[in-house]
Amino acid sequence: MTSFVDWFREVFLVTSVTQTIIIIFFVCAIGLLLTKIPMGKFSLGVTFVFFAGIAVANLGVEVDKQSLLFAQNFGLVLFIYALGVQVGPSFFPSLRSGGIQDNLMGLLLVAVSLVFCWFFHFLVGLPITEMVGIMSGAVTNTPMLAAAQSTVAGIDPNTALVQSDMALACAVTYPLGVIGMIIGMIVLDLLPKPKKKQREAQHHVTFLSEYTIANPSIFGMNIAQVAKDSEFTFVVTRLWHGGTVAIPTSETVLHEGDRVLVISDEERVRSLELLFGHRNQADWNREGIDWNAIDKDLISKRIVITNKELNGERLGHMKLRSLYGVNVTRVDRAGIELLATPDLHVQLGDRMVVVGSKSAVEQAEQLIGNEVNLLDAPNLLSLFVGLLLGCVVGLIPIMIPGISFPIKLGLAGGPIIVGILMGAYGPRFRLMTYITNSASLFIRQFGIILYLCCLGLASGGNFLETLLHGNGPLWVLLGFIITLLPVVIVGFVTQKWMKKSYGETCGMLCGAMANPMVLDFLEGKVKDDSHNIAYATVYPLSMFARIITAQIMILLFF
């Protein structure tokens, strides 16, 4: 019996590198088991790992601090970088078209939260570090907490106690951050809805419209000439002439009475009508259109780019129209549909909608690839290069006017910037940045779980004492206010003046608060997919803004 007790103490209680690894895995396993307990609409998800770490630390278990710090930072870098690569392809397209309003409202919510944080800092007298920790929990954004802690450590390395208090403030306010969001959704549901009828949200920003050529000034001109004279971009995907349909090329001549199907941004529809002469009222954007049944001579097929030689290639340089007689109508990238212009750089994993005769489409498919199994092989070189660059960029000093010392993006800001850039532009430099959804999810989940576990172990020793006797009650109250009031204020403005639907508004708020857990609450209350689309549109920019602004708050007031 004595030997077993000694062995147990050596494995779990005697501080060492091996013991630290064992405790980390133990906490992760316990936290993930807790996620399996049904709790209705309310769930903390993987954040249970955070609280499992706090519980173990409260039991008096000590671990090797250097090993714990390494594991915490390693998990953070993995999560942040993989997040950046995931949202990178859709980050910049989401800033255009309908995503502009959503992102502006998301940034407004970030700004209002910062104002409340600054106001309470001066009103109550709490240190700015504690207020940023409170705000991190209130908006359920642990990467923001990590960025702020990294900035504090950069200013003064001897601030372990300050960083621990920041994590404790985040921990005690996090649960009500979720509950406060749900209460905010309920309040918004009770407010008067916008009178303007909302068009059902689509998964794309491209828009199809049909026109009859009736403008005498373009009679006899080919498509290339018409496109050159216009001030905006569009793609002609089908042309009906004399009762037959054809895939138009740049040399196709337009005649009076021809019908054309055009893809553009929706706001260009009026300009296109003036250009071509008359818009037909057929709805080409409704769900469930059987494109293969529209014209018997042409088929439409979605093909995935798996040919590595095409990674980063311009769509026009592929010469699909001239060599194969097919037309690319849309390119789907990470859930965002892009306009298939000749200057578009395609990426590995892009899904292209190709239209043409059956034989022509099959020939084009051989070039493009469409062998999805080839995408399963991981591109580890680009992963490690990206992680390296992210950490290096995070250490570059940046001077900001009005601040006497430089800001560093740290291990939270650097990797997310590099990740976004790698995901968006890496293929242009022939970098294989594509990561399958399952692999990306694994890296992100593994990283955030490791980070939350170590964060809980590092800061949980005084959790109960702080919650019951210290500043805990005040932290909880301030955190609840920072959650609820900005959500209701910005949500009201979005519905009242931006005329957004309830689903779009709530999805935007969840994305700006980095709170996917509340999306489950909206299931059944929102009939379409507008909340999920708005969440994905707003999340990248809002996450980036929160990480950077948290560091600036620390630099200005610490």
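Residues numbered from 1 in each chain as written. Predicted model: local features only at pLDDT ≥ 70, side-chain atom pairs only at ≥ 80, totals over all residues. Heavy atoms only, no water.

> So what exactly am I meant to see when it comes to the pattern of salt bridges here?
Think of it this way: side chains of opposite charge can pair up when their charged atoms draw near. Per the stated rule, a full pass over the model turns up five salt bridges. With its nearest N and O atoms 2.7 Å apart, the salt bridge here joins arginine 259 to glutamate 210. A residue pair is termed long-range when its members are at least 10 positions apart, and arginine 259 in strand E4 (residues 259–265) and glutamate 210 in strand E1 (residues 206–213) qualify at 49 residues. Residue arginine 314 pairs with aspartate 343 through a salt bridge whose shortest N-O separation is 3.7 Å. Of this pair, arginine 314 sits in the loop between strand E6 (299–304) and helix H11 (320–324) while aspartate 343 sits in the loop between strand E8 (336–339) and strand E9 (351–356); the two residues are 29 residues apart in sequence, bridging distant segments of the chain. (Salt bridge = Lys/Arg side-chain N within 4 Å of Asp/Glu carboxyl O. Helix = DSSP H or I, 4+ residues; strand = E, 2+ residues; numbered from the N terminus.)

> Explanation requested: the state of the cysteines in the structure shown.
Every disulfide links exactly two cysteines, by a covalent bond between their sulfur atoms. Applying the stated criterion to the full structure yields zero disulfides. Of the cysteine sulfurs around cysteine 506, a residue in no disulfide, the closest is that of cysteine 510, at 6.6 Å. Of the residues examined, cysteine 506 reaches a relative accessible area of 0% and is grouped as buried. (Disulfide = S-S within 2.5 Å. Buried < 20%, exposed > 50% of the residue type's maximum accessible area, 1.4 Å probe, protein only.)

> Looking at this structure, how should I read the sheet that holds strand E2 (residues 235–241)?
Sheet strands pair by backbone hydrogen bonding; their relative direction is either parallel or antiparallel. Read across the open sheet, the five strands follow the order E3-E2-E4-E1-E5; overall the sheet is antiparallel. The open sheet terminates on both sides in strands that have one partner only, identified here as strand E3 (244–246) and strand E5 (277–280). Each strand axis lies, on average, 30° off the axis of its neighbour in the sheet, ignoring direction. Strand direction decides the pairing type here: E2 and E3, joined by three bridges, are antiparallel. Looking across to E3, one finds that leucine 239 is bridged to alanine 246. (Pairing = 2+ DSSP bridges. Axes fitted to C-alpha atoms, helices over the stretch in contact; angles between N-to-C directions.)

> Help me understand a nonpolar patch on the surface in this model?
A cluster of nonpolar side chains, namely Phe4, Val5, Trp7, Phe8 and Leu13, defines an oily patch on the protein surface of about 490 Å² accessible area. Following the sequence through the fold, phenylalanine 4 ends up in helix H1 (residues 2–12). (Patch = residues over 30% accessible without salt bridge, like charges linked within 9 Å, V, L, I, M, F, W, Y side chains within 5 Å. Areas by Shrake-Rupley, 256 points an atom, 1.4 Å probe, with all protein chains shown as cover.)

> How do you make sense of the packing of aromatic side chains when you look at a structure like this?
Pairs of aromatic rings are described using the distance from one ring centre to the other and the angle between the two planes. Taken as a whole and judged by the stated rule, the model has twelve aromatic pairs. Summarising the aromatic geometry, the rings of phenylalanine 116 and phenylalanine 120 are spaced 6.2 Å apart at their centres and angled 45° between planes, so their arrangement reads as tilted. Here the residue phenylalanine 116 and the residue phenylalanine 120 both occupy positions in helix H5 (residues 99–124), the gap between them amounting to four residues, near one helical turn. Taking relative accessible area as the criterion, phenylalanine 116 reaches 16% and is therefore assigned buried. Under the relative-accessibility criterion, phenylalanine 120 is labelled buried at 7%. Measuring from ring centre to ring centre gives 5.9 Å for phenylalanine 492 and tryptophan 497, while their planes differ by 90°; the resulting arrangement is edge-to-face. (Phe/Tyr/Trp six-rings, centres within 6.5 Å; stacked < 30°, edge-to-face > 60°.)

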